[in-house]
Amino acid sequence: MSERPLVGVVMGSKSDYEVLSAAVEILKVLGIAHEARVLSAHRTPDQLFEWVEKATAEGVRVIIAGAGGAAHLAGVIAAKTLVPVLAVPIASTPLNGLDSLLAMVQMPKGVPVATLAIGKPGAANAALFAAEILALNDAALHERMAAWRAARAQEVLEQTLP
Ligand code: RP5
């Protein structure tokens, strides 16, 4: 996107993109400028901090962070910014995402992250939640979201049973 990104989508590994693509798709559909990056809290901590500082200074207003295993990515990002951080737990170990869910949702008092569901539903909802935050100050986006939700309702009403 050429517009200045409003949402940052960060993932700990390229292998997480299969899940985080669900967030990127929603952001595209809603016409929200975004930037997606692979940056790891434990593999590239310095570059992660540099990106958080630069991205938020340049206009990113919400960050979606997806990671698996001992998933500290969202919490580490939240420690460096006051921009809201939405966490998406990813099932990338034999514990099937319960490890990342607990790591993300159990942030100690004082540095919050908002944790969504494990996997693609959580990624999609993170994008919708980011959109809702931005729509508080963007009437046109609010309208696009209302239309998106109405279309989902219509899909249900058009379902037929065999
Ligand atoms: C985490 O380790 C990543 O978020 C990913 O979910 C998991 C495995 O990473 P790779 O070994 O696939 O790079 O840091």
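Please refer to the structure placed before this passage.
As the structure is a prediction and not an experimental result, all values here were calculated from the model.

**Student:** Would you mind going over the packing of aromatic side chains in detail, with residue names and values included?
**Tutor:** Inspection of every chain in the model, using the stated rule, returns zero aromatic pairs. For Lys 80, the ring lying beneath its charged end belongs to Phe 49, and the centroid distance is 4.5 Å.

**Student:** Which residues make up the sheet that holds strand 5 (residues 114-115), and what values do they have?
**Tutor:** If you walk across this open sheet you meet the five strands as 2-1-3-4-5, and the pairing is parallel. Of all strands in the sheet, those bounded by a partner on one side alone are strand 2 (34-38) and strand 5. Across two bridges, the pairing between strand 4 (residues 85-90) and strand 5 is parallel. What sits directly across from Leu 86, in strand 5, is Ala 114. Each of strand 1 (7-11), strand 2 and strand 3 (62-68) touches helix 2 (residues 45-57); the most contacted strand, strand 1, lies at about 170° to it.

**Student:** Tell me about the site of the ligand, residues and numbers included.
**Tutor:** For the ligand, the full set of nearby residues is Gly 12, Ser 13, Ser 15, Asp 16, His 42, Arg 43, Ala 67, Gly 68 and Ser 92. One of the side-chain N or O atoms of Arg 43 is found 3.0 Å from an oxygen atom in the ligand. In the complex, 72% of the free accessible area of the ligand, which totals 360 Å², lies under the protein chains.

**Student:** Can you tell me about the pattern of salt bridges, naming the residues and giving the values?
**Tutor:** Enumeration according to the criterion identifies five salt bridges in this entry. Glu 58 is paired through a salt bridge with Lys 54; the nearest N and O atoms lie 3.3 Å apart. Look at Glu 58 and you get partly exposed, because its relative accessible area is 39%. Among the salt bridges present, the one from Arg 149 reaches Glu 132, with a minimum N-O distance of 3.3 Å.

**Student:** Which residues make up the pairing of strand 4, and what values do they have?
**Tutor:** Within strand 4, six of the six residues are buried, which leaves the element mostly enclosed by the surrounding structure. By the alternation rule, side chains of strand 4 split into Val 85, Ala 87 and Pro 89 and Leu 86, Val 88 and Ile 90, which are all buried. Note: strand 3 against strand 4, six bridges, orientation parallel. Looking at strand 4, one finds that Gly 66 is bridged to Val 88. Chirality of the crossover, the property in question, places the unit of strand 3, helix 3 (residues 73-80) and strand 4 among those that are right-handed.

**Student:** If you had to explain the packing of helix 2 against helix 3 to someone new, which residues and values would you point to?
**Tutor:** The relative placement of two packed helices is expressed as an angle between their axes plus a distance between the axes. Where helix 2 meets helix 3, the axes come as close as 10 Å, and the angle between the chain directions of the two elements is 50°. In terms of axis orientation, helix 2 runs oblique to helix 3. Read as a crossing pair, helix 2 and helix 3 show a hand that is right-handed. Where helix 2 approaches helix 3, its residues Leu 48, Phe 49 and Val 52 are matched on the opposing element by Leu 73, Val 76, Ile 77 and Lys 80. For the contact of helix 2 with helix 3, the per-class residue count stands at six nonpolar, no polar and one charged.

The rules behind these values
Residues numbered from 1 in each chain as written. Predicted model: local features only at pLDDT ≥ 70, side-chain atom pairs only at ≥ 80, totals over all residues. Heavy atoms only, no water. Phe/Tyr/Trp six-rings, centres within 6.5 Å; stacked < 30°, edge-to-face > 60°. Lys NZ or Arg CZ within 6 Å of the ring centre and 35° of its normal. Pairing = 2+ DSSP bridges. Helix = DSSP H or I, 4+ residues; strand = E, 2+ residues; numbered from the N terminus. Contact = heavy atoms within 4.5 Å. Axes fitted to C-alpha atoms, helices over the stretch in contact; angles between N-to-C directions. Near = heavy atom within 4 Å. Polar contact = N/O pair within 3.5 Å; in protein donor to acceptor, adjacent residues only side chain to side chain. Areas by Shrake-Rupley, 256 points an atom, 1.4 Å probe, with all protein chains shown as cover. Salt bridge = Lys/Arg side-chain N within 4 Å of Asp/Glu carboxyl O. Buried < 20%, exposed > 50% of the residue type's maximum accessible area, 1.4 Å probe, protein only. Right-handed = clockwise from strand over helix to strand, strands pointing away. Parallel < 35°, antiparallel > 145°, perpendicular 65-115°, else oblique. Left-handed = near helix turned anticlockwise from the far one by under 90°. Nonpolar A, V, L, I, M, F, W, Y, C, P; charged D, E, K, R; others polar.

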